[in-house]
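# A closer look at the structure
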Amino acid sequence: MVILPEGFALPPIRYLLGLTIAGAVVLLSMRDIPDPINAHDVLAFLPWMVVGATAHVLFVQGYLSTAIAPLAGTPTVYVTTAIGALGSWRGLRALVTVTRARQILLIGGGGISVVLIGWLFAQVNTTIWRPLIIIVGSTLAAVLITGTTWIIVRFKINAISETRPLGPVVLFGHALDGITTAVGVDVLGFGERSPLSALILEVGSSIPGVSAIGGGWLFILIKLIVISGVLWLFIEYIRSDRTQAELLLGLMTAVGVGPAIHNLLLFSVATAAWFSSLVCHDSIRLQTAQIVRNHRIPWSLRAHLSATRWFTMGDLLLTRRCGRRLNEVFFKTLCMYICMSKQPHLLVDESDVNQIALLPGDPGRVDRIGSHCEDVTEVASNREYKVINATYRGCPLTVCSTGIGGPSAAIAIEELHQVGVEKVIRVGTIGALQPEIEIGDMVIATGAAKEEGTTKRYEAATYPAVPDHRVLNGLLTAARDNDESVHIGPIVTDDAYYNETEEYVSQWTEANMLAIEMEAATLFSLSRRNDMAAGAICTVDGNLVRGTQKGADSDDELPAKAKNNVERAINISLETTYSLSDSS
């Protein structure tokens, strides 16, 4: 069983060596301080715990530069924060009195945390008050639970009051951690990275009679029981050596407060990003209605949404706008909470898809691919997006149509990434740019020229649009093993299907580009940015040099030869899927 949380990794050796030296210097310098660190000093370190948590959220969201990002990963951020806080404390003690050092440490850490949090929310381009709903609500709930628990524990164990002032702070930190974890999993649809915590949440959600409220209640309860027991065990330790006991209580505070603030900020940023990305349009209402019809919503979430609607009345009063404003805000909020798990266009969540997906452009080709597989199940169908699950030679896969062009394909890729798809293969059609390439031939792309507009919204045109080497090699191997003849080389991705003039075509022909289509560059670029592995195999449906296009010689979209040979490309893509899966 895996014990360490997902994402737990050490930084590169040069960072590890630097942190080790800096940590040793700070610890050695602390030995010269005549006054030992006590509970008041630990409380002054609290804002630095917020600094560390915020830095880790910035790291998770990818907002830190590559030069400093390794210092904010897991578990390195704990060491980095400790070095910063203790180093600042040691420097202040050499210059000012103990009381003044505490004041400066408290204010300085608070100021840095405010700057970092402000920068974090500036990255998602949203107003601050909506994320504050989660922050304030969770904090107030933690205060209430902490107070109640402290009263109960003190009633049973009166001596536990000797752990003050740090005892209630430790209890609050872990209560807030439990509440934010429960909110993230049960309400916002986030996953839990720690295997042990995930197990507790799963058990809590499976107990008959209380499963409707989610699994977070058991997680919170266990955390409160464990931390109360630890505080009880600390009573004798505090009586015998209060200084060391308070130092350990300070460490326990950091272990609770750090992840709790991380959860609060991460959920707030994610929620804000969703809220900002939604557009005021009637399609939001239609889409929400479809989601509500197709998926049961637990009563706890319904109650939460009801409370959200009451909150939007306050928004109405604040903005002094008409009822349409209330309606729009409510449906935006509804979409935000429901679609945190169900993607707004594909209408899928993490449980609906597999790690490998085949991406035809045409929704009709989804069923053609499915006819080659077993255990075919339709997952969703919305606009140009049709999603099915199937197995091929025991390998689970997802098939999702992307529609025509970069913008439509980008939506599919982004939403598939959000729900955990890791490898994608485009199975499409393409127009030849070389006279010797026949209709029905297959092309495996080694790169795509960016003659489209979608990727330019993500990155400069000079960034390469190339497939992942593993997927490319898989396609080439599958073609060779199936004794299939394919053309291998660079292609062009273009937006204007009906504006490919003779002059335009000739320049790409002279550049020895094999063919032209409308999605591959978007697929390659966005997959690279999202750490997905992508590749593309396309069947030639026309030759632009010869002046032939699909549909030119019959009423069918694809020429007969191309239509038949699409099956060959499907077989190659399925064999590649099998070779890339864990089943192979």
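Relevant structure appears above.
Let me begin by describing the structure that accompanies this report. (Residues numbered from 1 in each chain as written. Predicted model: local features only at pLDDT ≥ 70, side-chain atom pairs only at ≥ 80, totals over all residues. Heavy atoms only, no water.)

Right, let's get into the side chain of Glu519. Mapped onto the fold, Glu519 is located in the loop between β8 (515–517) and α18 (520–529). Side-chain polar atoms of Glu519 contact the side chain of Arg426, separated by 2.9 Å. What Glu519 contacts, discounting residues up to four positions off in sequence, is Thr402, Gly403, Ile404, Gly405, Ala409, Arg426 and Thr493. (Helix = DSSP H or I, 4+ residues; strand = E, 2+ residues; numbered from the N terminus. Polar contact = N/O pair within 3.5 Å; in protein donor to acceptor, adjacent residues only side chain to side chain. Contact = heavy atoms within 4.5 Å.)

Applying the stated rule across the entire model yields 17 salt bridges. Between Glu438 and Arg546 there is a salt bridge whose closest N-O contact spans 3.1 Å. Placement of Glu438 in the loop between β5 (423–432) and β6 (442–451) and of Arg546 in the loop between β9 (533–543) and α19 (560–580) is noted, with a sequence separation of 108 residues between them. Note on Arg546: relative accessible area 45%, which makes it partly exposed. (Salt bridge = Lys/Arg side-chain N within 4 Å of Asp/Glu carboxyl O. Buried < 20%, exposed > 50% of the residue type's maximum accessible area, 1.4 Å probe, protein only.)

Here the distance between the centres and the angle between the planes together describe a pair of aromatic rings. Counted under the stated rule, the structure contains four aromatic pairs. Relative to Trp89, the ring of Phe45 has its centre 6.4 Å away and its plane inclined at 80°; by these criteria the two rings are edge-to-face. Linking Phe45 in the loop between α2 (39–44) and α3 (46–61) with Trp89 in helix α4 (residues 76–93), this pair joins segments that are 44 residues apart in sequence. Relative accessible area serves as the criterion here: at 1%, Trp89 is assigned to the buried category. Summarising the aromatic geometry, the rings of Tyr504 and Trp508 are spaced 6.4 Å apart at their centres and angled 75° between planes, so their arrangement reads as edge-to-face. Highlighted residues: Tyr504 and Trp508, both in helix α17 (residues 502–510), separated by four residues, approximately one helical turn. The cationic tip of Arg393 hangs over the ring face of Tyr578; the distance from NZ or CZ to the ring centre is 3.8 Å. (Phe/Tyr/Trp six-rings, centres within 6.5 Å; stacked < 30°, edge-to-face > 60°. Lys NZ or Arg CZ within 6 Å of the ring centre and 35° of its normal.)

In regular strands, side chains alternate between the two faces of the sheet. Among the ten residues that make up β5, ten are buried, leaving the element largely enclosed by the rest of the structure. Alternating residues of β5 divide into Lys423, Ile425, Val427, Thr429 and Gly431 and Val424, Arg426, Gly428, Ile430 and Ala432, and every residue in both groups is buried. Sheet topology note: the strand β1 (residues 356–359)/β5 ladder contains four bridges and is parallel. From the neighbouring strand, Leu358 faces β5, where its bridge partner is Ile425. Bridge count between β5 and β9: ten bridges; the pairing is parallel. Note that in β9 the partner of Ile425 across the bridge is Gly535. (Pairing = 2+ DSSP bridges.)

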